[in-house]
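# Fold and contact review
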Amino acid sequence: MASLNGTASNGSSGRGAANGGKPCLRVIPLGGLHEIGKNTCVFEYGDDLMLVDGGLAFPSDGMHGVNVVLPDTSYLRENQKRIRGMIVTHGHEDHIGGIPHHLKNFSIPVIYGPRLALSMLTGKMEEAGVMDRTVLKTVSPRDVVQIGQHFKVEFIRNTHSIADSFSLAITTPVGVVVFTGDFKFDHTPVDGEYFDIQRMAHYGEQGVLCLFSDSTNAELPGFTPPERSVFPNLDRHIGAAEGRVIVTTFASSVHRVSMILELALKHGRKVGLLGRSMLNVIAKARELGYMRCPDDLFVPIKQIRDLPDRETLLLMTGSQGEPLAALSRISRGEHPQVQVKTSDTIIFSASPIPGNTISVVNTIDRLMMLGAKVVYGKGEGIHVSGHGSQEDQKLMLALTRPKYFVPVHGEHRMLVAHSRTGQSMGIPADHTLIIDNGDVVELTPDSIRKGDPVKSGIELLDASRNGIVDARVLKERQQLADDGVITLLAVISTDGVMAAPPRVNLRGVVTTADPRRLSLWAEREITWVLENRWNQLARNTGGKAPDVDWVGVQREVELGLQRRLRRELQVDPLIICLVQPAPAGTPAYRGRADAEPDTRPAPRGRRDGGRHEGGRQSQPAPVQRQQSPAGSAAASASTTATVAAPARAAAATAAAVAAEESEHTGRTRRRRSAAAVSG
Ligand SMILES: [Zn+2]
Ligand SMILES: [Zn+2]
């Protein structure tokens, strides 16, 4: 996954000109490189900007509460006046999933794409309420569309795991660029729509300046087997099943779903569908004629339970172990309509996308533990990839014979493997570029080079798909998940004295430190800030009380405590300091901070001139019970020794403190009681 704000912004400088001012074609992938997902590519010439695909990716571990990942589109927003249109190659989420969100942020005058992809996109755009933001135009094989002044795009039928998929031949002022999209060479396609190899060869014959080709399976030797090859294996497993058959696959694998429906019909099983995307895609694909089967093959899930198990096939989402998908919920016994039976045969007709492997195997384990027969894995021949392997990639290179070559759609090692394949076919290394998201490929009729990168990175959306999870929020969530949270309540008067002992509360923090020590440190940070930073944080505006930057005070205390915890305990919890201002003249609380030597620079003398109550201790902050047993047990000897005396004193004087506090910080006390209750 790309890092946040991966590369520096460069605006649009140098656009359309390279190599001594000669005009050039600029190709800028904003997503899809060094990853599988969020494919988004920009083509620019002169004042024209054209987009190819607008995909999304799914969050990786550590992206807490993130629902989808999109590329950073700052570059597109900055240059939106130049966007002339978009081309969609096929209907997979990593190619169309980001478009509804983009349309909320910048306008795309027209989107051309295959019928199935645009039909799926329509559903997403309706849901997002952006139907009026663009015009969708359906294309057929060999259609040529003009985008802006400088781009002519021909749609060349290819074969992939979804129906209605295209490669592109893009004619530009510097030459023809072939952009393969996702493909494999499947000579016996399930839907009878053959790869238009002739057209690809035609462009190869005329001369292709540059090939941008799918690298997903660049590490795998041989040809990717045809989709049809899984049919006999699925047939065998479904035929042998004694009870219900449950099949999971990608909803968007239209060919696979077609074959499963065909097999259900063959074996006299009615089909129940589970999962929103499964229902949506099948409805769309049947409506458009990409799947043909009788209406009465399908039975609503509530009624299918009345049929004998031997006459039932359930087709559902969850092949990637997605926590909320149907099969995952069934495996956890959380599905309202379907419970696993020991006579069930459950078929995983998909392979895990890298990153999902653990959730997939966990789902398989749970299903097996419930007693079902689970069919999964490479050896069963029940899944093939929709992406070409090395020999497919060689065939593409052979057909197009490009002058320059840029491997795309893949993680870094796949791009490297694909570039080696190119070299083995005579494309020199210096005619090949391995690029990252945000890199700019500058092409002229006789050169290829990397220009200055544009801003790239990721945008993270929460479950509503509206809220952007920015870098700071993500960091905070990671901190919460990894190290917990410490809240710190401080009472500080407007004339800069600590008026009560700070209240420290821990949630999810594992530490070997005695909780009293933490409150001692908190106290010391507050004291330090008041003694060293108050002059900068409080401005005397001539009024009764100075104008205090309370947020600044909180921030300084948080930073100080954070540094200390990192240094002394090697933990990095999220720290939230809340300051409750008290009126000027509130008597100072002088706490235990004096009882332990501070290692920070000596304060520049006392400024409060108030009562000195050294040695008197507050009651221990109510953090004890959040301490993990291990943490308490592990409290180091030196820590215990340091705090033992203050702790005893604290117990002895707790009542006195409480009584005194109630005089002048009644509100604090109430708040603490509330905190204690809520804690
Ligand atoms: Zn695809
Ligand atoms: Zn893809």
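Higher on the page you've got the structure.
Notes on the structure follow. Computed from a prediction, not measured in an experiment: that's the story for all the values here.

Below, the discussion takes up the coordination of the zinc ion (ligand 1). On the protein side, the zinc ion (ligand 1) has His90 (NE2), His92 (ND1), His160 (NE2) and Asp182 (OD) as donor atoms, found 2.1 to 2.3 Å from it. Note that the zinc ion (ligand 1) binds 4 donor atoms; their angles at the metal cover 91 to 161°, and the shape is irregular. Sequence spacing of the donor residues for the zinc ion (ligand 1), all on one chain, is H-x1-H-x67-H-x21-D. Between the two metal centres, the zinc ion (ligand 1) and the zinc ion (ligand 2), the spacing is 3.5 Å, with Asp182 acting as a shared donor. Of this pair, His90 sits in the loop between strand S7 (83-87) and helix H2 (93-96) while Asp182 sits in the loop between strand S13 (175-179) and helix H5 (197-206); the two residues are 92 residues apart in sequence, bridging distant segments of the chain. What makes Asp182 buried here is its relative accessible area of 2%.

Time to look at the pairing of strand S11 (residues 151-158). When you tally the buried positions in S11, you get 7 out of 8 residues, the bulk of the element. When strand S10 (residues 144-147) meets S11, the two strands line up antiparallel, connected through 4 bridges. Paired with Val144 across the strands is Glu154, a residue of S11. Between S10 and S11, which pair antiparallel one after the other, the connecting turn spans 3 residues, and Gly148 there sits at a positive phi close to 60°. Sheet topology places S11 next to strand S12 (residues 165-172); 7 bridges connect them, and they run antiparallel.

Around the zinc ion (ligand 2), the donor atoms from the protein are Asp94 (OD), His95 (NE2), Asp182 (OD) and His409 (NE2), and they sit 2.0 to 2.2 Å away. If you look at the zinc ion (ligand 2), its 4 donor atoms make angles of 89 to 157° with each other, and the shape they trace is irregular. Coordination of the zinc ion (ligand 2) draws on donor residues from a single chain, spaced D-H-x86-D-x226-H in sequence.

Overall, mixed pairing links the 8 strands, which are arranged S9-S8-S7-S5-S4-S3-S21-S22 in an open sheet. Pairing within the sheet leaves two strands with one partner each, and these edge strands are strand S9 (135-139) and strand S22 (447-451). If you compare each strand with its neighbour and ignore which way they point, the axes differ by 20° on average.

With that settled, consider helix H17 (residues 550-569). For the α-helix, the turn length of 3.6 residues means that residues three or four positions removed from each other point alike. Taking 1.5 Å as the rise per residue, H17 with 20 residues should run 28 Å; its terminal C-alpha atoms sit 28 Å apart, in good agreement. Taken as a whole, H17 has its buried residues at Trp550, Gly552, Val553, Gln554, Val557, Glu558, Gly560, Leu561, Gln562, Arg564, Leu565 and Leu569. For H17, the elements touching its buried residues are helix H14 (471-483), strand S25 (485-493), helix H15 (515-532), helix H16 (534-537), strand S28 (547-548) and strand S29 (574-582). After H17 finishes, the residue Gln570 shows a positive phi value of roughly 55°.

Here we take up the pattern of salt bridges. Once their charged atoms are close, side chains differing in charge can pair, the charge on each being opposite to the other. Enumeration over the complete set of coordinates arrives at 36 salt bridges. The partner of Arg77 in a salt bridge is Glu459, with the nearest N and O atoms 3.2 Å apart. Highlighted residues: Arg77 in helix H1 (residues 74-78) and Glu459 in strand S23 (residues 458-461), separated in sequence by 382 residues. With a relative accessible area of 31%, Arg77 lands in the partly exposed category. Between Asp235 and Lys266 there is a salt bridge, and its shortest N-O distance comes to 2.6 Å. Here Asp235 is found in helix H6 (residues 231-240), whereas its partner Lys266 is found in helix H7 (residues 254-266), with 31 residues between them in sequence. For Asp235, a relative accessible area of 16% translates into the label buried. Using a relative accessible area of 54% as the deciding quantity, one classes Lys266 as exposed. Salt bridges sharing partners connect three or more residues here, namely Arg26, Glu44, Arg82, Glu442 and Arg449.

Rules of the game
- The numbering scheme is per chain: residues are counted from 1 as the chain's sequence reads.
- Both sets of labels track the order of writing: A upward for chains, 1 upward for ligands.
- Reporting of local features is limited, given that this is a predicted model, to residues whose pLDDT is at least 70; pairs of side-chain atoms are given and counted only at 80 or more, and all residues count toward the totals for whole chains, interfaces and linings.
- Think of the side-chain values as coming from all heavy atoms in the structure, minus any hydrogens and water.
- Nitrogen, oxygen and sulfur within 2.8 Å of a metal are treated as its donors, or within 3.2 Å for sodium, potassium and calcium (Na, K, Ca); water is not counted, so a site can appear incomplete.
- Irregular is the default label, applied whenever a site is not tetrahedral (four donors, all angles between 85 and 135 degrees) and neither square planar nor octahedral (four or six donors, opposite donors over 155 degrees apart, all other angles between 65 and 115).
- Helix and strand definitions here come from DSSP, where helices need a minimum of 4 consecutive H or I residues and strands a minimum of 2 consecutive E residues; each element is numbered from the N-terminal end.
- Think of it in three bands: with a 1.4 Å probe and only protein chains considered, a residue is buried below 20% of the maximum accessible area for its type, exposed above 50%, and partly exposed in between.
- A strand pair is defined by DSSP finding two or more bridges across the two strands.
- For helices, the fitted axis covers only the stretch in contact; all axes are lines through C-alpha atoms, and the angles between them, taken along N-to-C directions, range from 0 to 180 degrees.
- A helix's residues, less one, multiplied by 1.5 Å, set its expected span.
- By the convention used here, residues are in contact when the closest approach between their heavy atoms is within 4.5 Å.
- What makes a salt bridge here is a side-chain nitrogen of Lys or Arg within 4 Å of a carboxyl oxygen of Asp or Glu, nothing more.

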